[in-house]
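Fold and contact review
The residues making up each chain are set out below.
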Amino acid sequence: MLLFSFSAYEDIAQQLRAVASVQVGRFTVGRYDNRELHASIEGPVSGEHCLILGTIAPPDECLLSVTLLAKTLKKEGAGKITAVFPYLAYSRQDKDKPGESLGTAWIGALLKSSGIDQVLTVDVHSERDKQLFPIPLISLSTAPLFADAVKKYRLTDATIVAPDNGAIRRCEDVKRAAGMPMGETPYFEKKRTEKGIIHHGPVGKVGAKVVFVDDMIDTGGTLVSACEKLRSVGVEEIYILVSHGLFTESSWTQLWSLGVKRIFCTDTVPLRLGIEAANIAVLSVVPLIRERLSWLDKGVRRMTVRGE
Ligand code: R5P
């Protein structure tokens, strides 16, 4: 496999290059004087399985750079292109509301028309995302990483709580992977209104120590509101496990005054410079990606043998 990686993921790329079957793919994406983007690749790619490690998250030029590179690889005869997006932006635009863009479907169509054959990501937002994508969307669960963290930080006696309905399945996956008693998972009913998030709950029994599990922290609105509710029922010690740490703007910092002791996230989104990271533990998704790439590689080789 040839790995074409964008600089934001250099740490992950370095570790993936240590895999025997991964070779470095060399390319540049730059701008002409007139500011148009332009991609160029070095070396042959004909018949190769090419991996593009990068992001389509804002700034928007990331999306354009990835798709331009993919189209160039396909034009030069790449056999298969797998986009490795550790965090899949646009995945929350998965609800078909009248008059509003259905961003997930549009992104899927755009990636397909750019020559991308499949996308490998970590903890995709919803099952609907997979249905909206016209190409295979492989999502790796972070439950094994979180289960290790729960055991290492002695949190197996805490109540695992879902900040909304969508997170219940994630909570169950973590409990199962950590060997914790399953039982009912306490959760919150969440509504987004023009004035912000309204939470009802918790629904279910919650102990004095709580671990929230969710796919992401973006502005932090969801978790701030859920922590306020937990405080009002006497919970004092809260931990947060999220796959993607976007940490947009600064509202999320209120969490530190709401009983949150530590936030665990993964390295799917590089931590913004200047972020106060003392109580943020970053877990690496490299083992998950490495394992899946070795399967994909074997699959591609089998297909090549049959083709011969
Ligand atoms: C929502 O369905 C997601 O799972 C997250 O709970 C949410 O998108 C996080 O966003 P924020 O941190 O801005 O509330």
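Below you will find a few notes about this structure.

Cut-offs used in this document
Residues numbered from 1 in each chain as written. Predicted model: local features only at pLDDT ≥ 70, side-chain atom pairs only at ≥ 80, totals over all residues. Heavy atoms only, no water. Phe/Tyr/Trp six-rings, centres within 6.5 Å; stacked < 30°, edge-to-face > 60°. Near = heavy atom within 4 Å. Polar contact = N/O pair within 3.5 Å; in protein donor to acceptor, adjacent residues only side chain to side chain. Areas by Shrake-Rupley, 256 points an atom, 1.4 Å probe, with all protein chains shown as cover. Helix = DSSP H or I, 4+ residues; strand = E, 2+ residues; numbered from the N terminus. Nonpolar A, V, L, I, M, F, W, Y, C, P; charged D, E, K, R; others polar. Buried < 20%, exposed > 50% of the residue type's maximum accessible area, 1.4 Å probe, protein only. Pairing = 2+ DSSP bridges. Right-handed = clockwise from strand over helix to strand, strands pointing away.

**Considerations on the packing of aromatic side chains**
The tally for this structure, following the rule as stated, stands at 7 aromatic pairs. Relative to Trp-256, the ring of Trp-252 lies with its centre 6.3 Å away and its plane at 75°, an arrangement referred to as edge-to-face. Ring pairing ties together the aromatic residues Phe-4, Phe-6 and Phe-27, which thus form one cluster.

**A few points about the site of the ligand**
The local shell around the ligand holds 14 residues, among which Asp-214, Asp-215, Thr-219, Gly-220 and Thr-222 are the closest. Between the ligand and Arg-192 there is a distance of 3.4 Å, counted from an oxygen atom to a side-chain nitrogen or oxygen. The contact in question runs from an oxygen atom of the ligand to an N or O atom on the backbone of Gly-220, over 2.8 Å. Out of a free accessible area of 370 Å², the ligand has 90% covered by protein chains. Only β10 (187-193), β12 (209-217) and α7 (221-232) provide two or more residues apiece to the shell around the ligand. No other element matches the 4 residues that β12 contributes to the shell around the ligand. Across the shell around the ligand, the residue classes break down as 2 nonpolar, 5 polar and 7 charged.

**Thoughts on the pairing of strand β6 (residues 80-85)**
Residues in a regular strand point their side chains to alternate faces of the sheet. Here β6 lies mainly inside the structure; 5 of its 6 residues are buried. As defined by bridge partners, strand β5 (residues 49-53) adjoins β6 across 5 bridges and the pair is classed as parallel. The residue bridging Cys-50 from the neighbouring strand is Ile-81, located in β6. Taken together, β5, helix α2 (residues 61-75) and β6 constitute a β-α-β crossover, and its handedness is right-handed. Of the strand pairs in this sheet, β6 and strand β7 (residues 118-122) are connected by 4 bridges, and their pairing is parallel. Counted as the bridge partner of Phe-85 is Thr-121 from β7.

Taken by themselves, the reported measurements are silent on function.
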